Amino acid sequence: MTAPLTPPHQPHEPSRDDNAWQAPPTGPGPSSMYAYDTAKDEAESAAELRKDLRDSALVLVAVTLLGVVLGFLWLWLAPRVPLVSTDEAVFLKDTEGEEAIGADGTFLLLGVGLGVLTALAVFLFRRRGGIALVVALAVGSVLGSLLGWGIGVWFGPSRDVVEHARQVGEGVTFDAYLDLRAKGALLAWPVAAMLVHLGLTALFGPRDPEPDQHWPGDPAAPTQ
């Protein structure tokens, strides 16, 4: 009769099967890492959205306020329509004059010039653009045109022609009120701004990185 190989008082060594129901290892797992990356991406997207809205609001206000410059430049550069009064009515002093058309043309040219300048300034301010920024530029240009038109009319000669003629007296030449007869000139600024900004973005805007292309047999090509 032989003695047992394992001493009776020797502790039993756990096998691999005994550890099958042990507690899972501590530390971040794949699901927690995925949740962390998702939360980080959402935070970055929210921060970028806030920056886009802030920049767009700044562009909207700045471009709209330039309408004040448009209004006073139009008031200064637009030709005046001379009028003269008699004891019967008020007449054009020069019936063949083109001052009224000149006033519309002046507003149109000023709008185009401001459209080019604002588009260039917005592009240099933020080269990568964005839908919100483009919308702010377009809306600000329209509001700036309306503001410039209003300022030119408000600070120009009186719109009450009869009272103005009575004040200056009969036979005295005076200026007619400044007005924009071709209302389509109000779109000169936004149209020019959109075209110039689109061209600058297409020519000089940042490009998206192109995907890597690998030829068959290239050692760097991904394996299937």
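Below is a short write-up of the structure. (Residues numbered from 1 in each chain as written. Predicted model: local features only at pLDDT ≥ 70, side-chain atom pairs only at ≥ 80, totals over all residues. Heavy atoms only, no water.)

1. Points about helix 2 (residues 99-125)
Taking 1.5 Å of rise per residue, 27 residues should cover 39 Å, and helix 2 covers 38 Å from first to last C-alpha, within 8% of that figure. Buried residues of helix 2: A103, D104, T106, F107, L110, G111, L114, G115, T118, A119, V122 and F123, and no others. (Helix = DSSP H or I, 4+ residues; strand = E, 2+ residues; numbered from the N terminus. Expected span 1.5 Å × (residues − 1). Buried < 20%, exposed > 50% of the residue type's maximum accessible area, 1.4 Å probe, protein only.)

2. Some thoughts on the pairing of strand 1 (residues 82-85)
The side-chain alternation of strand 1 yields two buried faces, one formed by P82 and V84 and the other by L83 and S85. Two strands pair when backbone bridges link them, and strand 1 and strand 3 (residues 174-175) are joined in this way by 2 bridges, in the antiparallel orientation. The residue of strand 3 that forms the bridge with L83 is F174. (Pairing = 2+ DSSP bridges.)

3. What about the side chain of T64?
In this fold, T64 is placed in helix 1 (residues 30-77). What makes T64 buried here is its relative accessible area of 17%. A distance of 2.7 Å separates a polar side-chain atom of T64 from the backbone oxygen of L60. (Polar contact = N/O pair within 3.5 Å; in protein donor to acceptor, adjacent residues only side chain to side chain.)

4. A closer look at helix 5 (residues 188-204)
Look at helix 5: 24 Å from first C-alpha to last across 17 residues, which is about the 24 Å you get at 1.5 Å a residue. Those residues of helix 5 that sit buried are A188, W189, P190, A192, A193, H197 and L200.

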